[in-house]
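# A structural walkthrough
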Amino acid sequence: MRKVNSLLILLLMVLISCEKEDSISKRENSISIDLNRNDQISIFDLFREVELIPLETNENSIIASPLGEPDEVKIHHDNYYFLDRSQHAIFIFNSEGKFLKRIEKRGGASDEYISLDDFQINRFTGNLEILSSQGRCVNIYDSLGQTFIKKIKFPKGMPVCHRFHHLNSDIYAFYTSAGGPKLIFYSQKENKAFESTYNIPKWYNKNTTFFSGRNPFYIFNDSLFFTQKYNGDVFSITLNKYELEPRYKWDFGESNFELSILPEDQSIEFYSELIKKINIGYAVNFQIYQENTNYYFTRFKYGNRYNHLIFNKLTGDYLLFEQFKEGGQCIPLWIDEKNIYAFVSPFYIDKIVSQSILNEKDKSKLSNIKEDDNLIIIKYKLK
C-alpha cells in the first residue's frame, strides 16, 4: 500500500506541476504577494526592543508544550492565561511572569467540566468561559476562575464543537470539525443553534490536516474574524446575516492553493505524504494570524520552509521573509497596539530569538533558564 500511495503522490505532483505551468492563477480583489521575495529585515526595523519574561517554574505551574508553544493564550488585565489541553487546565501568570493560579475543575459536578477544549475571556462581561466538547457546554466563571456563575448547555442536535468566540453579547460563534468543518452560531437568549453557509466536504476534515490547529477566530476592533488555515484567507462575520465577507485575500499567483487540487477520499497516509510535498510549490498551512491598527501578521509554509508575511494596512506594502538579519523568527500568538507576543519553550528559544539582540539583563535571564523550565514570553515592543 505504501508503494502504491507513493506512486500516486508522485503522479499527482507531476500533474499539479503541469497544471501550474499551463494556467495563470489570479484571484479577484486580492493582495498580490511575490513569493520570490526574501526581504532582508532587521528586527529593529520593526521593534524598538525585545524583552524576555520567563514564566515562574514550580510543581503547579508547568505548562506542557510538546511543540514549543502553548495550546492557546489570552492577555486580560495584564495577566497571561494559558490553556493546556493535556492537563485540562488553565494557568494564569501576572505581567512579570509570576504564577497566580491554576484552574482545573474537571469532573461531573455542575461547576465542573468533562473536557477543556477552548476558552475565552468574554469581552462584554470580563468572565472566563470554558468550552467542553465532551460536556457539550460552556462553563462560565469570574475572570480568575474562583466563582462559578453558570453552565450553558447546548440544545439537542447541535454538533460537537471544538473552538469558539463571541460574535456579540448574545451570539456565540463555534467551529466544529465533526464531519465537514462548519461554523455554528448559538443564541443564548433563544437557546437556538443554526449553521453558517460555510461548509467543507467531510472527507477533507476526516483525512487531511488542513483543518486542525489553532482557533480560527480572532477579534479586532470589537469585530469577529475567521481564517482559513489552508490558504490564509480572512473573513469578517456579519452581525445581521452571520455571513462571511472577505477581509484579506492573498494572491500567490501560480502558488495559490485550493482544496480542489486534492484528489478525493484517499487515506490519511496518502494525504499526510502529499501535504509534505504540497508546501514546496504552494503557500499553505497558515497557523499565525494577528492584527492591530497598523499591521496584519501571518506565517505559512512555502518552499518547504516557514515564511513570515507582515502586511502594512496603512500603506498597502508588505514584508516577506524567512528570518531576521540577526537570526530568529516572528511567531506572534497575541498582538496589541504596542507589542506583539510569542510564547516559547526554553528548548526552542535559540531558534526564535538571537542573543545578539538582547540586553544584558535578558541575556542573564536566559543563561539561568533550564530546558525543562516553563515557557518564556517574548515581548516585541513595536516602534
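Further up the page is the structure itself.
Sequence order as written defines the numbering, with residues in each chain counted from 1. Selection of residues for local features in this predicted model requires a pLDDT of at least 70, selection of side-chain atom pairs for listing and counting requires 80 or more, and totals for whole chains, interfaces and linings are taken over all residues. Neither water nor hydrogens contribute to the side-chain values; these are computed over all heavy atoms in the structure.

Within the protein chain, the regular secondary structure consists of 6 helices and 26 strands. Here the C-alpha atoms of the protein chain give a radius of gyration of 21 Å, agreeing with the 21 Å that 2.2 N^0.38 yields for 383 residues. Dimensions of the protein chain, computed from C-alpha atoms along their principal axes, come out at roughly 60 × 60 × 45 Å. Under the scheme applied here, a residue whose accessible area is under 20% of the maximum for its type counts as buried, over 50% as exposed, and between as partly exposed, the area being computed with a 1.4 Å probe on protein chains only. By the burial criterion, 53% of the 383 residues in the protein chain qualify as buried. We call two residues in contact whenever any of their non-hydrogen atoms come within 4.5 Å of each other. A separation threshold of at least 6 residues defines the contact pool for the protein chain, and within that pool the share at least 24 residues apart is 56%. Per-residue and other accessible areas were derived by the Shrake-Rupley procedure at a 1.4 Å probe size, with only the shown protein chains allowed to occlude residues. Accessible surface for the protein chain amounts to roughly 17900 Å². Of this, 48% is attributable to carbon and sulfur atoms. Side chains of the protein chain carry 47 positive and 50 negative charges; the gap between the two charge centres is 3 Å. Secondary structure elements are taken from DSSP: a helix is a run of H or I of four residues or more, a strand is a run of E of two residues or more, and numbering for both begins at the N terminus. Only C-alpha atoms enter the radius of gyration; for comparison, a globular chain is expected to reach 2.2 Å times N to the power 0.38, where N is the number of residues. In this tally Asp and Glu are treated as negative and Lys and Arg as positive; neither His nor the chain ends contributes. Lys charges are placed at NZ, Arg charges at CZ, Asp charges at CG and Glu charges at CD.

At least two bridges found by DSSP between two strands are what make those strands a pair. Judged by pairing direction, the sheet is antiparallel, and its 4 strands sit side by side in the order S15-S16-S17-S18 without closing on themselves. Across the chains shown, the open sheet's two edge strands, defined by having one partner strand only, are strand S15 (217-220) and strand S18 (244-248). Put simply, the sheet's adjacent strands are angled 40° from each other on average, direction ignored. One ladder, built from 4 bridges, connects S15 with strand S16 (residues 223-227); its direction is antiparallel. Here, axes are lines fitted to C-alpha atoms. For helices the fit covers the stretch in contact, and angles between N-to-C directions go from 0 to 180 degrees.

The definition used for a disulfide is geometric: two cysteine sulfur atoms within 2.5 Å. Tallied over the full model, the rule gives 0 disulfides. In this structure Cys161 is a free cysteine whose sulfur lies 12 Å from that of Cys137, the closest cysteine sulfur available.

Moving on to the pattern of salt bridges. The term salt bridge refers to a side-chain nitrogen of Lys or Arg lying within 4 Å of a carboxyl oxygen of Asp or Glu. What the rule picks out here adds up to 15 salt bridges. Of the charged contacts in the structure, one is a salt bridge between Lys363 and Glu360, with a shortest N-O distance of 3.7 Å. Taken as a pair, Lys363 and Glu360 lie in helix H6 (residues 360-367) at a separation of 3 residues, close to a single helical turn. Under the relative-accessibility criterion, Glu360 is labelled exposed at 60%.

Taking 1.5 Å of rise per residue, the 14 residues of helix H4 (residues 268-281) would be expected to cover 20 Å, and the 21 Å separating its terminal C-alpha atoms lies within 8% of that figure. At Ile275, H4 shows its maximal kink, close to 30°. Within H4, the full set of buried residues consists of Phe270, Tyr271, Leu274, Ile275, Ile278, Asn279 and Gly281. To estimate how far a helix should reach, multiply one less than its number of residues by 1.5 Å. Axes are fitted to the seven residues ending at a residue and to the seven starting at it; the angle between these axes is taken as the bend at that residue.

This paragraph deals with the packing of aromatic side chains. Between 30 and 60 degrees the pair is tilted, below 30 it is stacked and above 60 it is edge-to-face, where a pair is any two Phe, Tyr or Trp rings, Trp via its six-membered ring, whose centres lie within 6.5 Å. What the rule picks out here adds up to 37 aromatic pairs. Ring geometry for Phe321 against Phe324: centres 5.1 Å apart, planes inclined by 40°, an arrangement best described as tilted. One aromatic cluster is present, built from ring pairs that chain together Tyr80, Phe82, Phe93, Phe99, Tyr341 and Phe343. Sitting over the face of the ring of Tyr318, Arg37 holds its NZ or CZ atom 4.2 Å from the ring centroid. Our definition puts a charge over a ring when NZ of Lys or CZ of Arg is within 6 Å of the ring centre and also within 35 degrees of the ring normal.

Note that Val234 resides in strand S17 (residues 234-237). C-alpha separation for the pair Val234 and Arg247, spaced 13 residues apart in sequence, amounts to 5.4 Å. Beyond its immediate chain neighbours, meaning those up to four positions away, Val234 contacts Tyr218, Phe225, Phe226, Thr227, Glu245, Pro246, Arg247, Tyr248 and Tyr296.

Moving on, we get to the layout of surface pockets. As a volume, the largest pocket reaches approximately 910 Å³. Mapped onto the lining of the largest pocket, the elements with two or more residues apiece are strand S3 (72-76), strand S7 (118-121), S15, strand S20 (284-291), strand S24 (334-335) and strand S25 (339-344). Residues are grouped as follows: Ala, Val, Leu, Ile, Met, Phe, Trp, Tyr, Cys and Pro are nonpolar; Asp, Glu, Lys and Arg are charged; all remaining types, including Gly, are polar. Each residue belonging to the lining of the largest pocket can be placed in one class, and the counts come to 17 nonpolar, 11 polar and 10 charged. Cavity: a set of points on a 1 Å grid over the protein atoms alone where a 1.4 Å probe fits but cannot get out. Pocket: an open set with protein on both sides within 12 Å along at least five of seven lines, its lining residues, like those of a cavity, having an atom within 4 Å of a point. Along its surface, the second largest pocket is lined by 28 residues, and Leu67, Gly68, Glu69, Arg214 and Gln287 are the ones closest to its centre. Broken down by class, the residue content of the lining of the second largest pocket amounts to 13 nonpolar, 7 polar and 8 charged. Grid points are joined across faces, edges and corners, and a volume is the space filled by probe spheres set on the points.

So, on to the nonpolar core. In these notes, a set of buried Ala, Val, Leu, Ile, Met, Phe, Trp, Tyr and Cys residues joined through side-chain atoms within 4.5 Å is what counts as a nonpolar core. Core analysis: the biggest nonpolar cluster contains 44 residues, and Phe82, Ile378 and Tyr380 have the highest contact counts within it. Elements represented by at least two residues in this core include exactly helix H2 (43-46), strand S2 (47-54), S3, strand S4 (79-84), strand S5 (89-93), S25, helix H5 (349-352) and strand S26 (376-382). Contacts of Phe82, omitting those with residues within four sequence positions, involve Leu55, Ile63, Pro70, Glu72, Val73, Ala89, Ile90, Phe91, Phe93, Phe119, Phe343 and Leu375. Counting residues in hydrophobic clusters, the runner-up holds 25 residues, among them Leu183, Leu259, Leu262 and Tyr282.

The next point concerns the sheet that holds strand S6 (residues 99-103). The 4 strands lie next to each other as S3-S4-S5-S6, forming an open sheet whose pairing is antiparallel. Each of the sheet's edge strands pairs with one partner strand only, and the pair in question is S3 and S6. In this sheet, adjacent strand axes meet at a mean angle of 20° when their direction is disregarded. Bridging between S3 and S4 involves 5 bridges; their strand directions are antiparallel. Its bridge partner being in S4, Glu72 is matched across the sheet by Leu83.

Right, let's talk about the side chain of Gln228 for a bit. Topologically, Gln228 is positioned in the loop between S16 and S17. With relative accessibility at 7%, the residue Gln228 sits in the buried group. Discounting residues that sit within four places of it in the chain, Gln228 has contacts with Tyr198, Asp233, Phe235 and Phe286.

Turning next to the pairing of strand S10 (residues 148-153). Sheet topology places strand S9 (residues 137-141) next to S10; 5 bridges connect them, and they run antiparallel. Within S10, the position partnered with Val138 by the bridge is Ile152. Taken together, S9 and the strand that follows it, S10, pair antiparallel across an intervening segment of 6 residues, in which Gly145 is found at a positive phi of about 75°.

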